[in-house]
Structure formats: C-alpha cells, structure tokens
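Descriptive analysis of the structure
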Amino acid sequence: MQKQCAIIGFGGMGEWHSEHLAANLSDRLHLKGIWDIRPERRQYANQKGLFAYGSLEELLADPAVELVTIATPNDFHKPLAEACLRAGKHVVCEKPVTLNAGQLQSVMATAKECGRVFTVHQNRRWDKDFCTVKEVLAQNTLGEPYFIESRVLGSRRVLNGWRGVKAEGGGMLLDWGVHLLDQLLWLVDSPVVEVGAHLFALMPGVEVDDNMKVFLRFANGLSALVEVATNCFVLQPRWHVSCREGSFKIDDWDCHGRMIRLAEENELAWDEVITYTAAGPTRTMAPRPRETVEELPLPQVAPDLADYYRNVCDAIDGKAELIVKPEEALRVMQVVDAAFAANERGQSVSCRI
Ligand SMILES: NC(=O)c1ccc[n+]([C@@H]2O[C@H](COP(=O)([O-])OP(=O)(O)OC[C@H]3O[C@@H](n4cnc5c(N)ncnc54)[C@H](O)[C@@H]3O)[C@@H](O)[C@H]2O)c1
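Residues numbered from 1 in each chain as written. Predicted model: local features only at pLDDT ≥ 70, side-chain atom pairs only at ≥ 80, totals over all residues.

1. Notes on the overall build of the protein
Spelled out, the test is: The numbering of helices and of strands both runs from the N terminus, where a helix is a DSSP run of H or I of at least 4 residues and a strand a run of E of at least 2. Three exposure classes are used, all based on how many other C-beta atoms lie within 10 Å of a residue's own C-beta (placed from the backbone): buried at 20 or more, exposed at 12 or fewer, and partly exposed between those limits. Remark: residues whose backbone-derived C-beta atoms lie within 7 Å of one another are considered to be in contact.
On a plain count of helices and strands, the protein comes out with 9 helices and 16 strands. Oriented by its inertia axes, the alpha-carbon framework of the protein measures out at about 75 × 45 × 40 Å. With 353 residues in all, the protein has 38% of them scored as buried. Restricting the contact set of the protein to residue pairs at least 6 apart, pairs at least 24 apart contribute 69%.

Structure follows, in structure tokens:
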C-alpha cells in the first residue's frame, strides 16, 4: 500500500527526492507535500504541482504523513529529525546525518524512545562504480585487498552557500567525505583502528575543508585512502584497489576501468630484465612481460536506487531490516570526528570504531 510522505527542505536535493519518488516509487510512496523556510521555494513547488505546507508545525500535525525526508542544510538535520520523530513520523535524513557522533546518538535515542524508523540517505551505496568494487572483492578474483583508494576529484574551486560555512556543517569531509567513508565501512568488515587526516582550506576566505585526504587502517590489516578535491586538475581514477594477486581501477561513474591478475607463476627468467632510466638502472621497477599477467573484464552490476526507499517502506512495515542502519551512520560520524581530531593534532589517532 502507498504511504504518504513529505519533504522538509525543497532545494536541490529536496527537488531531486520529489522527482525520484514520482518517477520510480509511485507504487510505494506518495508525496503529500513539502516545507521550505523560503517562500520562493514553496511557490516553486506549487508551480510544479506540489502542495506546500504553510509551516513546519502544519506538516508535523498532518496525521496522513507517515514518513518525512529531511533535505535541509546539515546543521538543521538534528533538530528537524527529532521534531519529526516526536511528532510520530518515520524519518529519512540526508547525509551527513548530523554534524558529529554525539548529535546522532541523541537522534538515535529519540527514535528509540518514539518507536519510529530513522535512517540516512546513503544513496551512494547504489553507485555502479562502488557496486562493481564490492562485486570484485566478493568474487575474490584478485585475492585479499590490502589498500583501497577512493577518490572524488574536481576542480571547480567553489563551495556554494552553506557548504562553505563551518557552523552550517560545510566542508568536503561532511559533504562527499561521508559518502566515501560510508561506502568503505560497508565494504570492509573490520573495525577502524587508526585515522589520519589532512584537511585543506585552499580557497581565499574559506573557513572549512575544501580539499581533504583521510587515511584509515582497519584491524584486519587493510588500509585505505579517501580523498575529495575541488582543486585537482589532473584526475586520478575514482577507485584504485591493490590486492595480493592483482589490482584494478575504475576511472569514472560509468565504470570504465581495468583489472589485471597475476598469471600462474612460470619459469621465465624475466627478473633479469633491467630498465635504464636517465639517472640509473632499475630491476625492481622493470615492466612485467605480458604473459605473466592476464587482463579480466570488470563484472557487470545493475544496482537499483529505488531499493533504498522500498527498503525504508518495508522497515516501517516491520518486513525488513534497514539497509542503512543508524549504527552504521554512527560509525561514519565517529570516523569523521576522529578525522577532525587527527587533522587538528597533526597526527593520526588510534581508535576502535
Ligand atoms: N545524498 C546525496 O546525494 C546528496 C546530494 C546533494 C545534497 N545532499 C544533502 O541534502 C541536503 C540539502 O542539500 P542541497 O544541495 O539540496 O541544499 P540547498 O541549499 O540546495 O537546499 C536546502 C533547502 O533547505 C531549505 N532550508 C534551510 N533551512 C531550512 C529549515 N530549517 N527548514 C526548512 N527548510 C530549510 C533552504 O531554503 C533550501 O531550499 C544537505 O544535507 C546535503 O548534504 C545529499
């Protein structure tokens, strides 16, 4: 049966949610209306044929609304999520769920007290590139992974509006960083034991990180680098993964990439090959003969993002466990807290997250 839902915050992402629901989830969810503090966005919603509530209180008091999606700037997530839960609504909250782990613990306690479903819109678990990485590792084609590099790189050198304001939860660690960390923590089944972070504020007058690198060490020995850049003019692959028997890269969202596996070791005495660079010889870095490796196609995956909201509906009906669990979001926020602390101290921090 169709559930009635509402959206708070009708900016770029709020509008995206409304279109996604209408295009892909009309059998499960009906958007009853939206609320935005800016009158022009409420008018814009009306022009698009949507109902706009006259106030937050009016939305919260509407008994027909079962589920609310929060898509406001980040600093409003906690107070709005708690207000919705206390009004008896189930909540989907945009990422970053809150500004830190402590705020999220408070929201989780409220959700428990009110007996409502609370989850985070970690939609990038459905990204094709990420699902491809997950599939390669699940198939164990290249042996155990020991280093994962996950990067989102751009060169637009701008953080628009609240994204550049610290008090409003701006900065790339809280913006793209939480997507990449969520993917990584979902991929690696092991506690994080060390977090290092290099946060940069490169643009003039910017008070938040506009470029960042976070290094993670997991208890199982795997390490990872997560990088977000707005000042990168020569791109690196979206993913580069080093495994014991080979490596693979995925260049872009469309999943162009390469996967190379070590062939059966043979008796070729190729280690005698020497490369002479201008400044001297190297045997270690000499290229490998082609017959000692094999190139494999990357697996094909077809994730369906609509499964996110379908799962939320099933969780509300008690028919499924949430895919994006609040406890998982809490781990992400604990790593975010550790990254801010590591950057502040100028050295990595030990932890067990
Ligand atoms: N999951 C994703 O892929 C993804 C992508 C983009 C943005 N987001 C997240 O979505 C949220 C919104 O981002 P955006 O790009 O749409 O921002 P935006 O600035 O385009 O829109 C935010 C809207 O919220 C409204 N607003 C502000 N305070 C409000 C309040 N207290 N009550 C009601 N409305 C309020 C603003 O008027 C604005 O229309 C952020 O948390 C962001 O991190 C997620």
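2. What about the pairing of strand S4 (residues 90-93)?
Operational definition: We treat two strands as partners when DSSP finds at least two bridges between them. A crossover gets the label right-handed when its path from the first strand over the helix to the second runs clockwise, viewed with the strands pointing away from the viewer.
Side chains His90 and Val92 project from S4 onto one buried face, and the interleaved Val91 and Cys93 project onto a second face that is buried too. Two strands pair when backbone bridges link them, and strand S3 (residues 67-70) and S4 are joined in this way by 4 bridges, in the parallel orientation. Counted as the bridge partner of threonine 69 is valine 92 from S4. Taken together, S3, helix H4 (residues 77-86) and S4 constitute a β-α-β crossover, and its handedness is right-handed. With 3 bridges connecting them, S4 and strand S5 (residues 118-120) associate as parallel partners.

3. Thoughts on the domain arrangement of the protein
So the rule is basically this: Boundary definitions for the domains trace back to an automatic or database domain assignment. Charged residues are taken to be Asp, Glu, Lys and Arg, nonpolar residues to be Ala, Val, Leu, Ile, Met, Phe, Trp, Tyr, Cys and Pro, and polar residues to be all remaining types, Gly included.
Domain boundaries in the protein define domain 1 (3-122 + 305-321) and domain 2 (125-303 + 334-350). Between domain 1 and domain 2, the C-alpha centre-to-centre distance is 32 Å. Facing 11 residues of domain 1, the contacting portion of domain 2 comprises 13 residues. Partitioned by chemical class, the residues of the side of domain 1 that touches domain 2 number 6 nonpolar, 3 polar and 2 charged.

4. Quick notes on the sheet that holds strand S16 (residues 349-350)
Across the sheet, 9 strands lie side by side as S15-S12-S11-S10-S6-S9-S8-S7-S16; this open sheet has mixed pairing. Only two strands of the sheet have a single partner each, and these edge strands are strand S15 (293-296) and S16. In this sheet, S15 lies alongside strand S12 (residues 257-262) in antiparallel orientation, the contact comprising 4 bridges. The partner of arginine 261 across the bridge, within S15, is glutamate 294.

5. Digging into the packing of H4 against helix H5 (residues 101-114)
To keep things clear, this is the line we draw: What counts as an axis is a line fitted to C-alpha atoms, over the stretch in contact for a helix, and the angles between N-to-C directions run from 0 to 180 degrees. For classification, angles of less than 35 degrees are called roughly parallel, those exceeding 145 degrees roughly antiparallel, those between 65 and 115 degrees roughly perpendicular, and all remaining angles oblique.
Between H4 and H5, the least distance of the axes is 9 Å, while the angle of their chain directions is 5°. By the angle class used here, H4 and H5 are roughly parallel. Here H4 contributes Lys78, Ala81, Glu82, Leu85 and Arg86 to the contact with H5, which in turn contributes Gln103, Ser106, Val107, Thr110, Ala111 and Cys114.

6. Things to note about the sheet that holds S3
If you walk across this open sheet you meet the 5 strands as S2-S1-S3-S4-S5, and the pairing is parallel. Strand pairing shows two members of the sheet lacking a second neighbour, strand S2 (29-35) and S5, which therefore form its edges. Neighbouring strand axes in the sheet, compared pairwise and without regard to direction, differ in orientation by 20° on average.

7. Quick look at unusual backbone geometry
Trans is the prevailing form of peptide bonds, just as negative phi is the prevailing case for residues other than glycine. In this chain, lysine 95 is followed by proline 96 through a cis amide linkage whose omega measures -10°. If you trace the backbone, proline 96 turns up in the loop between S4 and H5. The backbone phi angle of arginine 157 is positive, close to 55°, even though this residue is not glycine. Residue classification places arginine 157 among the partly exposed positions, given that 16 C-beta atoms sit within 10 Å. In this structure, cysteine 255 takes a positive phi of about 70° despite not being glycine. Residue placement: cysteine 255 occurs in the loop between strand S11 (246-250) and S12. With 20 C-beta atoms counted inside 10 Å, the residue cysteine 255 sits in the buried group.

8. Observations concerning the environment of aspartate 36
Among the structural elements, aspartate 36 can be located in the loop between S2 and helix H2 (39-47). For the pair aspartate 36 and alanine 71, spaced 35 residues apart in the sequence, the C-alpha separation amounts to 9.5 Å. Discounting residues that sit within four places of it in the chain, aspartate 36 has contacts with Gly9, Phe10, Gly14, Arg41 and Arg42.

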